[in-house]
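Listed here are the chains, written in short residue letters.
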Amino acid sequence: MFFNLSQDVAIDLGTANTLVYIRGEGIVLNEPSIVVVDSDTNEVREIGHEALQMHERTHQDIETIWPLRDGVIADFKVAEEMIQGLLRKVKNNWLTSIRSMVVCVPSGITEVEKRAVRDSAEHAGARKVNLVSEPMAAAIGIGLDIQEAVGNMVVDIGGGTTEIAVIALSGIVLDESLRVGGAELDKAIVQYFKRNHNLLIGSRTAERIKCEVGSAIELDTELDLSVKGRDLVSGIPKVRTISSVNVREALHDNLEQISAAVLRTLERTPPELGADVLERGIMMTGGGALLEGIDQMLRDRVELPVYVAEDPLKAVVRGTGEVLENLENYERVLT
């Protein structure tokens, strides 16, 4: 049996992960935004989790591609095939036409980049495509009333970007899009151990280090982790024990950029809205908000209440899905 052509879909098209929401069903898919391509034929071999298992383990005949970079589409054709492939994972017998699709995009995206997202979604089968900015979707996803005349501040740390916005009356009063996210934090860890410990590790290992022993503040009990990498002096694979102190040092500069961007946004915030932020606090969403102590670091820096939303990784797709379910109520938030 085929699914109805009137199926409506919301997508959080992220640099690191893509999440899919279907009207009436909720979040149905959460997979890495990665594709394996045959180098000879340019055919897609694997998408999502299966592709991630092959990342950094491929030979010359196959290539792993992350089609999004810094929150926007870097490889148009591969992004299109990734969207189609992920939708097929949701429904094997899905017809190629979708009535409506809502896709979230970074707030600092250009018109050219918006066009690339629209084209990819349309080529993936969507007859009508609406875009919503990530901080707006995040605010809706965590239950903030964006329509009232009250200021809300959201910091969304995604895989490719950090989106900072002050929202009121269904609009973004001011925002800043910083091209620092989870992927940059992973790169910082790779570079730190290469530079300071002569140890070369892969990006997947760096992400595991970040998740298991990474932190933004000093821990009561510092953590250790055994990791495998290549010794750059001997060229031989080695096992090293690394400390959360080392990881914190590796992440320091990028976290400082995020803190500075939040401060800049607060300095530009109109006084009445600033008073609202003082009363209501800053809400953090996105996978980066799961880094140990990042809310405390920001709290110490800006001297305002800072809260991490419940299940921050899915905040944006929940908000995008809410927009899809009630398009008539959220027309003003579409870009």
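Here, the structure is the one placed above.
Nothing here was measured: the structure is a model prediction, and the numbers come from that model.

Undergrad: Explain the overall build of the chain here, please?
TA: From N to C terminus, the chain includes 10 helices and 18 strands. For a compact globule of 335 residues, the expected C-alpha radius of gyration is about 20 Å, and the chain comes in at 21 Å, within 12% of that figure. Overall size of the chain, expressed as C-alpha extent along the three principal axes, is 60 × 55 × 30 Å. Within the chain, buried positions represent 53% of all 335 residues. Contacts in the chain between residues at least 24 apart in sequence constitute 62% of all its contacts with a sequence separation of at least 6. As presented, the chain carries roughly 15,400 Å² of accessible surface, and 47% of it is formed by carbon and sulfur atoms. The averaged location of the 53 negative side-chain charges in the chain is 4 Å from the averaged location of its 34 positive side-chain charges.

Undergrad: How do you make sense of the pairing of strand β1 (residues 8–13) when you look at a structure like this?
TA: Along any regular strand, the residues point their side chains to alternate faces of the sheet. Most of β1 sits inside the fold, with six of its six residues counted as buried. In β1, alternate side chains face the same way, and those of D8, A10 and D12 on one face and V9, I11 and L13 on the other are all buried. Strand direction decides the pairing type here: β1 and strand β9 (residues 98–105), joined by five bridges, are parallel. From the neighbouring strand, A10 faces β9, where its bridge partner is V102. As judged from the five bridges shared by β1 and strand β2 (residues 17–22), these two strands associate in the antiparallel manner. Residue pairing across strands places I11 opposite V20, the latter belonging to β2. Where β1 folds back on β2, the antiparallel hairpin that results is connected by three residues.

Undergrad: Sorry, what's going on with the nonpolar core here?
TA: Here is a general trend for soluble globular proteins: nonpolar side chains tend to be buried in one another's company. If you look at the biggest cluster of nonpolar residues, it comprises 42 residues, and the most contacted ones within it are I189, I209, L255 and I282. For this core, the leading source of residues is helix α7 (residues 244–268), giving seven residues. Structurally, this core is a two-domain feature, drawing no fewer than three residues from each of domain 2 (144–180 + 262–311) and domain 3 (182–250). Sequence-distant contacts of I189, that is, excluding residues within four places in its chain, are made with I201, A206, I209, K210, V247, A250 and L251.

Undergrad: Would you mind going over the sheet that holds strand β14 (residues 199–200) with me for this structure?
TA: Sheets are built from strands paired through backbone hydrogen bonds, the pairs being either parallel or antiparallel. Taken in spatial order, the three strands of this open sheet run β14-β15-β16, and their pairing is antiparallel. A single partner strand is all that each edge strand has here, and the edge strands are β14 and β16 (237–243). As paired strands, strand β15 (residues 224–231) and β16 are joined by seven bridges and run antiparallel to one another. Paired with S226 across the bridge in β16 is T241.

Undergrad: For this particular structure, what's the right way to read the environment of T161?
TA: Tracing the chain through its elements places T161 in the loop between β11 (152–157) and β12 (162–168). Among residues more than four places away in sequence, those in contact with T161 are D70, G71, P106, E134, D156, S177, L178, R179, V180 and G181. At 3.0 Å, the side chain of T161 forms a polar contact with the side chain of E163.

Undergrad: Explain the pattern of salt bridges here, please?
TA: Between side chains of opposite charge, a pair can form when the charged atoms approach closely. Summed over all chains, the structure comprises 23 salt bridges. Taking the shortest distance from any N to any O, the salt bridge between R240 and D231 comes out at 2.7 Å. On the basis of relative accessibility, which here comes to 26%, the residue R240 falls in the partly exposed class. On the basis of relative accessibility, which here comes to 10%, the residue D231 falls in the buried class. One salt-bridge network, in which partners are shared between bridges, spans D8, R23, R99 and E325.

Rules used throughout
- Residues numbered from 1 in each chain as written.
- Predicted model: local features only at pLDDT ≥ 70, side-chain atom pairs only at ≥ 80, totals over all residues.
- Heavy atoms only, no water.
- Helix = DSSP H or I, 4+ residues; strand = E, 2+ residues; numbered from the N terminus.
- Rg over C-alpha atoms; globule rule 2.2 N^0.38 Å.
- Buried < 20%, exposed > 50% of the residue type's maximum accessible area, 1.4 Å probe, protein only.
- Contact = heavy atoms within 4.5 Å.
- Areas by Shrake-Rupley, 256 points an atom, 1.4 Å probe, with all protein chains shown as cover.
- Lys, Arg positive; Asp, Glu negative; His and termini not counted.
- Charge placed at Lys NZ, Arg CZ, Asp CG, Glu CD.
- Pairing = 2+ DSSP bridges.
- Core = buried A, V, L, I, M, F, W, Y, C linked by side-chain atoms within 4.5 Å.
- Domains from an automatic or database assignment.
- Polar contact = N/O pair within 3.5 Å; in protein donor to acceptor, adjacent residues only side chain to side chain.
- Salt bridge = Lys/Arg side-chain N within 4 Å of Asp/Glu carboxyl O.

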